[in-house]
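# Residue-level structural notes
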Amino acid sequence: MFTRSRGIPLVAALLSGMAVLLPGGAGASESTGTVFPVKVHAANGTVTVPARPTAIVSLSPTATEMLYAIGAGSQVKAVDEYSDYPASAPHTDLDGNNPNVEAIASYKPDLVVVSDEAPGLDKQLDELGIPVLSDPAAANLSGEYAQFEELGKATGHEAQAGAEVTKIKSEISKIVQSVHKSARPLTYYYELDQTYYSATSSTFIGQMLGLLGMHSIADAAKGAAASGGYPQLSGEFILKSNPEYILLADTICCGQSPATVAARPGWSNLAAVKNGRVLELNDDIASRWGPRIVILLSEMAAELKQHPAS
Amino acid sequence: MTATAPPRPAETAPVVAPGERGPGARRTWVPMVVSALMMIFISLASVCVGPVSVPPSQVLGTLLAHVPLLHFHTSTPPIDQAIVWQLRMPRIVLAGLVGAMLAAGGAAYQGIFRNPLADPYLLGVAAGAGLGATIEIVYGGDSSTFLPIFAFVGGSMAVAATYLIGVAGGRRAWGRSIVLAGVAVAALLTAIQTYLQQRDAEQIRQIYNWILGSFSVASWSDVTLILPYVVVSAAVLLAHRRMLDVLRVGEEEAGTLGIHAARTRLIVVAAATLGTAAAVSVSGLIGFVGIIVAHTVRLTAGASYRIIVPVSMIAGAAFLIGADLIARTVEAPAEVPIGVVTACIGAPFFLFVLVSRRAARGVGVGDT
């Protein structure tokens, strides 16, 4: 599934033949349209990747999922302790939040991908001659697509990255079209943990749900924009807002479920609880804006069809 | 400033032996009544005001409907009833209990250690509770049902360790060695806590939230969970308030008055620890309450522990209920961490009291 070879433009196939002739391109069994050395633009600036990487270290669970989705999985040498998908990724105890340069260097990587630029990490790796790409959480879908393209270029899988982006786009539009748009916007409360941290409609996840005609009750929190779109809401505000849907993105971290939500004081009065419109999401999929975002959206669309708000 | 703080002639409270009613007996009641009125006013404001506006008549109706034997029926919508009775009331009661306990614990520690910088976290209860909570969050499975118990046990064990090390450190310099032991125990436990927290980055926000402290998900079950500990602890501290006055003068003098200093200290420290550990187990580590309330009471109401202990309890409850009201309304419907509120209001207010009292009668905080 991850080493996709269909759907690649003919040009890319032709170029891949040329790549074999170039240094670093030798032995590349997978198709590649990239001529190395290549310059890519990441959050940490323009990075030069001298040759097709064959020992990638990914310290970002999202980047790991993306690398496998674009067919660069066989070039990945090590992933961090939180990169649990796909299961076949070479897990290590590397810590992406608090990276140790020596531990990273011990894998002799020729490309390192991190989610947030740890201060000084890129400089230290620079001195070791190892290129680093910083890919923090995308702000929106086009940001996610740009990360796919950047990783494709840096790993020699430009065409596959482009195909993946096209595939995600078409799947999203299929899901959106399948949902009967409600005349009024559907309200939801998106829960990040059991202390009522939530997400506004302007966050990545909020924009995804917005495609289905839904909007977050957290938008009323005026300071939310300043807090990055993830305010902690008051319990009484959630009760009074009486959202049509409750989306739990704290099922893995915090063991929340429709049953625990119904047991909270006062929450049994909520329409969403009474009518079974409490949806359990996979925390990991909901917080990694990579290839599996489509799964999240289709689950949500299925919920809208199965339990339509009256 | 002298207008707000009229100098009182008997400010350097005379030491009164236990059981004897001193000349200042009447003065005890004035600050108690004033602080109680403040607490009632703030509680009323808290139950009526929130991110959701519920008319005061409906708030009253909801409260009356919950008075036993009254059989009052209210037409308040169920959601508004739930907001008032299930969300606001437990928050107010819990904030009151925690505030009372932290302030009284701070007052007791300041008296026992004769140290104006003592707060209820001095002997490591916060570090221990933080470690207990972190262990539960990291290893305790999905739900956080046992979090308060882990925090309570962690906090109590930390203070027990500090006490044993401190007492072993020497009888003469008892106060100093136990405070140093507290610093060491707290540093060690905080280091372990930080290590566990950094190792498990997926839970880091949950841990961080707990450490910041909050009443945002307070419920009646939290209230019933800590109530027994708070009642016992408060009763013991109140019963020992006169002995704190005696210890203030010195151990030998206390001995001549028939007070067993070591035993009194152990009882007071144990009671203050029990209450503080119970409080932080449900609220998280809310700072500043424990140190400033007792000092503010001392500077405004009098230097005798007969006044400081009970008035600190009431004023501490009022302070934390008020701080929580601000935490849930200032950026409504979003919440502001309550520790930010207690520090932002508490620090300037305390400085104001300090400066104005100093100007009025030249008394320092060190006069414990």
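Residues numbered from 1 in each chain as written. Chains lettered and ligands numbered in written order. Predicted model: local features only at pLDDT ≥ 70, side-chain atom pairs only at ≥ 80, totals over all residues.

Within chain B, the regular secondary structure consists of 14 helices and zero strands. Tracing chain B from N to C terminus, the helices and strands come up as α-α-α-α-α-α-α-α-α-α-α-α-α-α. Put simply, of all contacts in chain B between residues at least 6 apart along the chain, 76% involve residues at least 24 apart. (Helix = DSSP H or I, 4+ residues; strand = E, 2+ residues; numbered from the N terminus. Contact = placed C-beta atoms within 7 Å.)

As a further point, take the overall build of chain A. Scanning chain A from terminus to terminus reveals twelve helices and ten strands. Classification of the 310 residues of chain A by burial places 47% in the buried group. (Buried ≥ 20, exposed ≤ 12 C-beta atoms within 10 Å, placed from the backbone.)

On to the sheet that holds strand E4 (residues 76-79) of chain A, then. Residue and element names in this part refer to chain A. Here four strands make up an open sheet; going across it, the order is E4-E3-E5-E6 and the pairing parallel. Both outer strands of the open sheet, E4 and strand E6 (132-134), are each paired with one neighbouring strand and no more. Strand-to-strand, the axes of this sheet are offset by a mean angle of 20°, without reference to chain direction. Judged from the three bridges that link them, strand E3 (residues 56-58) and strand E5 (residues 111-114) form a sheet pairing that is parallel. Counted as the bridge partner of Ile56 is Leu111 from E5. (Pairing = 2+ DSSP bridges. Axes fitted to C-alpha atoms, helices over the stretch in contact; angles between N-to-C directions.)

All names here are of chain A. If you check the domain split of chain A, you get domain 1 (10-168) and domain 2 (180-306). At the interface, 14 residues of domain 1 touch nine residues of domain 2. Every element with two or more residues in the side of domain 1 that touches domain 2 is listed here: helix H2 (61-69), helix H5 (141-155) and helix H6 (158-178). In terms of residue count, H2 provides more of the side of domain 1 that touches domain 2 than any other element does, five residues in total. The residue makeup of the side of domain 1 that touches domain 2, split by class, is nine nonpolar, two polar and three charged. (Domains from an automatic or database assignment. Nonpolar A, V, L, I, M, F, W, Y, C, P; charged D, E, K, R; others polar.)

Each partner contributes residues to the interface: chain A has 27 residues there, and chain B has 29 residues. A breakdown of the residues in the side of chain A that touches chain B according to their chemical character gives twelve nonpolar, twelve polar and three charged.

Here we take up the nonpolar core. One finds Leu247(A), Val98(B), Ala103(B), Ala104(B), Ala108(B), Val125(B) and Ala279(B) to be the most contacted residues of the largest nonpolar core, which totals 142 residues. Of the residues forming this core, the biggest block, 21 residues, is contributed by helix H3 (residues 78-113) of chain B. Leaving out residues up to four positions away in the same chain, Ala108(B) has contacts with Leu237(B), Leu244(B), Val268(B), Ala272(B) and Val309(B). In this structure, Met66(A), Leu67(A), Val76(A) and Ala89(A) belong to the second largest nonpolar core, which totals 34 residues. (Core = buried A, V, L, I, M, F, W, Y, C linked by C-beta atoms within 7 Å.)

All names here are of chain B. Between H3 and helix H8 (residues 220-239), whose axes approach to 10 Å, the crossing angle comes to 30°. By the angle between their axes, H3 is roughly parallel relative to H8. The hand of the H3/H8 crossing is left-handed. Note on element contacts: H8 touches H3 through Trp220, Asp222, Val223, Ile226, Leu227, Val230, Ser233, Ala234 and Leu237, opposite Pro90, Val93, Leu94, Leu97, Ala100, Met101, Ala104 and Ala108. Classifying every residue of the contact of H3 with H8 by side-chain character gives 15 nonpolar, one polar and one charged. (Parallel < 35°, antiparallel > 145°, perpendicular 65-115°, else oblique. Left-handed = near helix turned anticlockwise from the far one by under 90°.)

Mapped onto the elements, Pro119(A) comes out in the loop between E5 and helix H4 (121-127). Considered as a pair, Pro119(A) and Leu247(A) are 128 residues apart in the sequence and their alpha carbons are 35 Å apart.

Quick look at the pairing of strand E1 (residues 38-42) of chain A now. Every other side chain in a regular strand lies on the same face of the sheet, so the side chains alternate between the two faces. With five bridges joining them, E1(A) and strand E2 (residues 45-49) of chain A adopt antiparallel strand pairing. Following the sheet pairing, Val40(A) is matched in E2(A) by Val47(A).

Below, the discussion takes up the packing of helix H4 (residues 125-139) of chain B against helix H5 (residues 147-168) of chain B. Residues and elements named next belong to chain B. Here H4 crosses H5 at 145°, and the two axes come no closer than 6 Å. Classified by chirality, the crossing of H5 by H4 is right-handed. Contacts from Val125, Ala127, Gly128, Ala129, Leu131, Gly132, Ala133, Ile135, Glu136 and Ile137 of H4 reach H5 at Leu147, Phe150, Ala151, Val153, Gly154, Gly155, Met157, Ala158 and Val159. Class assignment of the residues belonging to the contact of H4 with H5 gives a composition of 14 nonpolar, four polar and one charged.

Here we take up the pairing of E4(A). All names here are of chain A. As defined by bridge partners, E3 adjoins E4 across three bridges and the pair is classed as parallel. Residue pairing in the sheet places Ser58 in a bridge with Val79 of E4. As for the winding sense of the linkage, the β-α-β connection from E3 through H2 to E4 is right-handed. (Right-handed = clockwise from strand over helix to strand, strands pointing away.)

Let's shift gears to the confidence of the model for chain A. Here chain A averages 83 in pLDDT, and 86% of its residues register 70 or above. Long-range and interchain partners of residues 1-30 of chain A, a stretch whose pLDDT sits below 50, account for 48 contacts in this model, where long-range means more than four residues apart. (pLDDT = per-residue confidence, 0-100.)

Looking now at unusual backbone geometry. With an omega of 0°, the peptide bond between Phe36(A) and Pro37(A) qualifies as cis. Checked against the element boundaries, Pro37(A) lands in the loop between helix H1 (10-21) and E1. The peptide bond linking Ala332(B) to Pro333(B) adopts the cis configuration, its omega dihedral lying at 5°. In this structure, Pro333(B) sits in the loop between helix H13 (305-329) and helix H14 (338-361). Look at Tyr196(A): it is not a glycine, yet its phi comes out positive at around 75°. For Tyr196(A), the position within the fold is in the loop between strand E7 (186-191) and helix H7 (204-210).

Looking at the element boundaries, Leu247(B) is found in helix H9 (residues 241-249). When neighbours within four sequence positions are excluded, Leu247(B) is seen to be in contact with Gly111(B), Ile112(B), Ala254(B), Ala261(B) and Thr264(B).

With that out of the way, let us pick up the sheet that holds strand E10 (residues 278-280) of chain A. Strand pairing within a sheet occurs via backbone hydrogen bonds; the two strands may be parallel or antiparallel. Residues and elements named next belong to chain A. Reading across from one edge, E8-E7-E9-E10 is the order of the four strands in this open sheet, with parallel pairing throughout. Every other strand in the sheet has two partners, leaving strand E8 (214-216) and E10 as the edge strands with one partner each. Direction aside, neighbouring strands of the sheet carry axes that sit 30° apart on average. By the bridge criterion, three bridges tie E7 to E8 in an arrangement that is parallel. By the bridge assignment, Thr187 is partnered in E8 with His215.

Right, let's get into the confidence of the model for chain B. Parts of the prediction with low pLDDT should not have their coordinates interpreted in detail. All names here are of chain B. Taken over all residues, the pLDDT of chain B has a mean of 83, while the share at 70 or more is 87%. Ranking the helices and strands of chain B by mean pLDDT puts H13 first, with 93, and helix H10 (residues 251-256) last, with 70. Throughout residues 363-368 the model reports pLDDT below 50, and contacts reaching past four residues in sequence, or to other chains, amount to twelve contacts. As scored by the predictor, the complex reaches a pTM of 0.80 and an ipTM of 0.77.

A few words now on the environment of Glu136(B). Residues and elements named next belong to chain B. By the secondary structure assignment, Glu136 is in helix H4. Its 22 C-beta neighbours within 10 Å are what place Glu136 among the buried residues. Separated by 73 residues in the primary sequence, Glu136 and Asn209 place their C-alpha atoms 14 Å from one another.

All names here are of chain A. Between the first and last C-alpha of H5 there are 21 Å, a value that for 15 residues agrees with the 21 Å anticipated at 1.5 Å per step. Buried within H5 are the following residues: Glu144, Gln147, Phe148, Glu150, Leu151, Gly152, Lys153, Ala154 and Thr155. Just downstream of H5 lies Gly156, where phi reads positive at about 85°. (Expected span 1.5 Å × (residues − 1).)

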